[in-house]
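Here is how the chains run, residue by residue.
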Amino acid sequence: MDLSMSPTLLGKLLNPKLLKGVAGILLFVLAWHVGAKYSGVSSYFFPTPHDVFDAFLTLLNKGVLEVYLLDSLSRYVIGVFSGVFVGLSVAIVLGLNKKLAAIFSPLVNFFYAVVEAAWLPLFVIWFGYGLTTIVTLLTYVVAFPILYNMLGGIRTLPIIYINAMRTLGATKFQILKDVIFPGVLPNIVVGFRIGAGFAFRGLIIAEAIAATSGIGFLIFDGAANKHTDRTIVGMIIMGALWLIIDLAYLRPFERATIQKWGMVTTAEQRETQ
Amino acid sequence: MNKYRWILHPSLAVTMIVLVFSLVTFVKRDFKAAEILASFEMVPEKKHTIMVEVGIELEAFHMERFQSHGKMLKVDANKVYLRAVTSKNLDWFAHQPWINAITVWNRG
């Protein structure tokens, strides 16, 4: 029986690829346990999986973990949507005005290369510690990939479509709504996916410096207070959270948009073609 | 079976699990908070002096939360004494899962 082809939930859970992945994780945990237990170093330096699990339960029972998770997620969502809004707005302005695009394109390229961590000290001075600094940073991180990709999409849009609309008497807004925006939607989706990934990393860095709660704060506060088991709990939560966001939201969003439109093909699709 | 397959879509499944879990947690806490708040008389628009009995070992995180909801008088083992606690803050305390009981002495 080929279980990988079974459409039932049990069939999906018994998928050989999934089982191999789980086996890999279990092997890693076993190697970690053996290494930590028999290495001779203290649990502060190298906590065992059991120490980490205990720390996880302690944080959960003390109500700390849920507050930190909620804070991190709310900052992430606000930052990402704010970044999308800013990125799209600036891209539309620059994309439709050649003079402005010529003036600001070198600046866009320059700032795209400046990592978010370099801006953090300045944001803390300007906005202080807290939500404003974190959301501003995430907006910066998300806006640039969207802006960059959308500008690239506008530049590569066949001019014949725009000219055709113009000959029919379309206004600038109609050209934007019916030609440019649909034409660059795949680029926006790609930019959004890149920005969402960068934003997650930026969130952890921002919380380490500018917050008193959140998963990033947990990671650095744990290490500062000799609770390395809590640091590892934070790291595992960070990885698991990103996996959930990616698998449950970003990939389905990509499948429902640019893959469905044929703009991107997956490895599986290429193998079957 | 086919028409229910959409339930297994990852984004929907994750969202539903999170929503249901959150709902159950909030409802449980609401019941617990109602029990705690029913054991004393809360006077709206007045500030209360209270003793909070906690069920955990306190950390800097909890102290910070205490400070933002009242003026801390002292900490004695698992009992924390605070004054100038408003009714809204009392409600917050009652909803925390790591708080077992609250004793209130209303300002006269």
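Thresholds applied
Residues numbered from 1 in each chain as written. Chains lettered and ligands numbered in written order. Predicted model: local features only at pLDDT ≥ 70, side-chain atom pairs only at ≥ 80, totals over all residues. Heavy atoms only, no water. Helix = DSSP H or I, 4+ residues; strand = E, 2+ residues; numbered from the N terminus. Contact = heavy atoms within 4.5 Å. Areas by Shrake-Rupley, 256 points an atom, 1.4 Å probe, with all protein chains shown as cover. Axes fitted to C-alpha atoms, helices over the stretch in contact; angles between N-to-C directions. Parallel < 35°, antiparallel > 145°, perpendicular 65-115°, else oblique. Nonpolar A, V, L, I, M, F, W, Y, C, P; charged D, E, K, R; others polar. Phe/Tyr/Trp six-rings, centres within 6.5 Å; stacked < 30°, edge-to-face > 60°. Buried < 20%, exposed > 50% of the residue type's maximum accessible area, 1.4 Å probe, protein only. Salt bridge = Lys/Arg side-chain N within 4 Å of Asp/Glu carboxyl O. Patch = residues over 30% accessible without salt bridge, like charges linked within 9 Å, V, L, I, M, F, W, Y side chains within 5 Å. pLDDT = per-residue confidence, 0-100. Pairing = 2+ DSSP bridges.

Novice: What exactly am I supposed to notice about the overall build of chain B here?
Specialist: Scanning chain B from terminus to terminus reveals three helices and four strands. Listed N to C, the secondary structure of chain B is α-β-α-β-β-α-β in terms of helices and strands. When contacts within chain B are restricted to residue pairs at least 6 apart in sequence, long-range pairs at least 24 apart make up 70% of them. With the model as given, the accessible surface of chain B reaches about 7100 Å², and the carbon-plus-sulfur share is 61%.

Novice: Explain the packing of helix H9 (residues 172–210) of chain A against helix H11 (residues 228–259) of chain A here, please?
Specialist: Any two packed helices are characterised by the angle at which their axes cross and by the distance between the axes. All names here are of chain A. The N-to-C vectors of H9 and H11 enclose an angle of 175 degrees; their axes lie 11 Å apart at closest approach. If you check the angle between H9 and H11, you find them roughly antiparallel. Packed against H9, whose contacting residues are Pro186, Val189, Val190, Phe192, Arg193, Ala196, Gly197, Phe200 and Ile204, the element H11 presents Met238, Leu241, Trp242, Ile245, Asp246, Leu250, Arg251, Phe253, Glu254, Thr257 and Ile258 at the interface. Of the residues assigned to the contact of H9 with H11, the class counts are 14 nonpolar, two polar and four charged.

Novice: Explain the packing of aromatic side chains to me, please; I cannot follow it from the model alone.
Specialist: Scanning all chains against the criterion turns up 20 aromatic pairs over all chains. Consider the rings of tyrosine 68 of chain A and phenylalanine 61 of chain B, whose centres lie 5.4 Å apart with planes at 90 degrees: the pair is edge-to-face. In this pair, tyrosine 68 of chain A is assigned in helix H4 (residues 64–96) and phenylalanine 61 of chain B in helix H2 (residues 60–67), connecting two distinct chains. For the pair formed by tyrosine 68 of chain A and phenylalanine 61 of chain B, the shared burial category is buried.

Novice: What am I meant to see in the pattern of salt bridges here?
Specialist: Note that side chains of opposite charge can pair when their charged atoms are close. In the structure shown here, the tally under the stated rule is nine salt bridges over all chains. A salt bridge links arginine 29 of chain B to glutamate 66 of chain A, with the shortest nitrogen-to-oxygen separation between them at 2.7 Å. Here the residue arginine 29 of chain B occupies a position in helix H1 (residues 10–38), and glutamate 66 of chain A occupies one in helix H4, the pair thus bridging two chains. Judged by relative accessible area, which is 15%, arginine 29 of chain B ranks as buried. In this structure, aspartate 246 of chain A and arginine 251 of chain A form a salt bridge, with 3.1 Å as the shortest nitrogen-oxygen distance.

Novice: Teacher, can you tell me more about a nonpolar patch on the surface here?
Specialist: All names here are of chain B. Together, Leu12, Met16, Leu19, Val20 and Val24 line one region of the surface with nonpolar side chains, adding up to about 430 Å² of accessible area. Among the structural elements, valine 24 can be located in helix H1. Since its relative accessible area comes to 46%, valine 24 is described here as partly exposed.

Novice: Teacher, can you tell me more about the confidence of the model for chain A here?
Specialist: In regions of low pLDDT, the predicted coordinates are not meant to be interpreted in detail. With 91% of its residues at a pLDDT of at least 70, chain A reaches an overall mean of 86. Note on residues 1–6 of chain A: pLDDT under 50 across the span, and six contacts to partners over four residues away in sequence or across chains.

Novice: Just checking my understanding: could you explain the pairing of strand E1 (residues 48–54) of chain B for this structure?
Specialist: Regular strands show a simple pattern: their side chains alternate between the two faces of the sheet. All names here are of chain B. By the criterion of burial, E1 is predominantly enclosed, with five of the seven residues buried. Sheet topology note: the E1/strand E3 (residues 79–85) ladder contains five bridges and is antiparallel. Bridge pairing links histidine 48 to valine 85 in E3.

Novice: Before we go on, may I ask you to explain unusual backbone geometry in this structure?
Specialist: In terms of backbone geometry, most residues other than glycine have negative phi values and most peptide bonds are trans. Positive phi, close to 60 degrees, is recorded for lysine 226 of chain A, a residue that is not glycine. If you trace the backbone, lysine 226 of chain A turns up in the loop between helix H10 (215–224) and H11. By relative accessible area, which is 62% here, lysine 226 of chain A ends up exposed. Positive phi is not limited to glycine here, since alanine 84 of chain B has a value of about 55 degrees. Looking at the secondary structure, you find alanine 84 of chain B in strand E3.

Novice: I tried to follow the packing of H4 of chain A against helix H5 (residues 98–113) of chain A on my own but got confused; where do I start?
Specialist: All names here are of chain A. The N-to-C vectors of H4 and H5 enclose an angle of 125 degrees; their axes lie 6 Å apart at closest approach. When the axes of H4 and H5 are compared, the pair comes out oblique. Here Val93, Leu94 and Leu96 of H4 lie close against H5, whose contacting residues are Lys98, Leu100, Ala101, Phe104 and Val108. Looking at the contact of H4 with H5, its residues break down into seven nonpolar, no polar and one charged.

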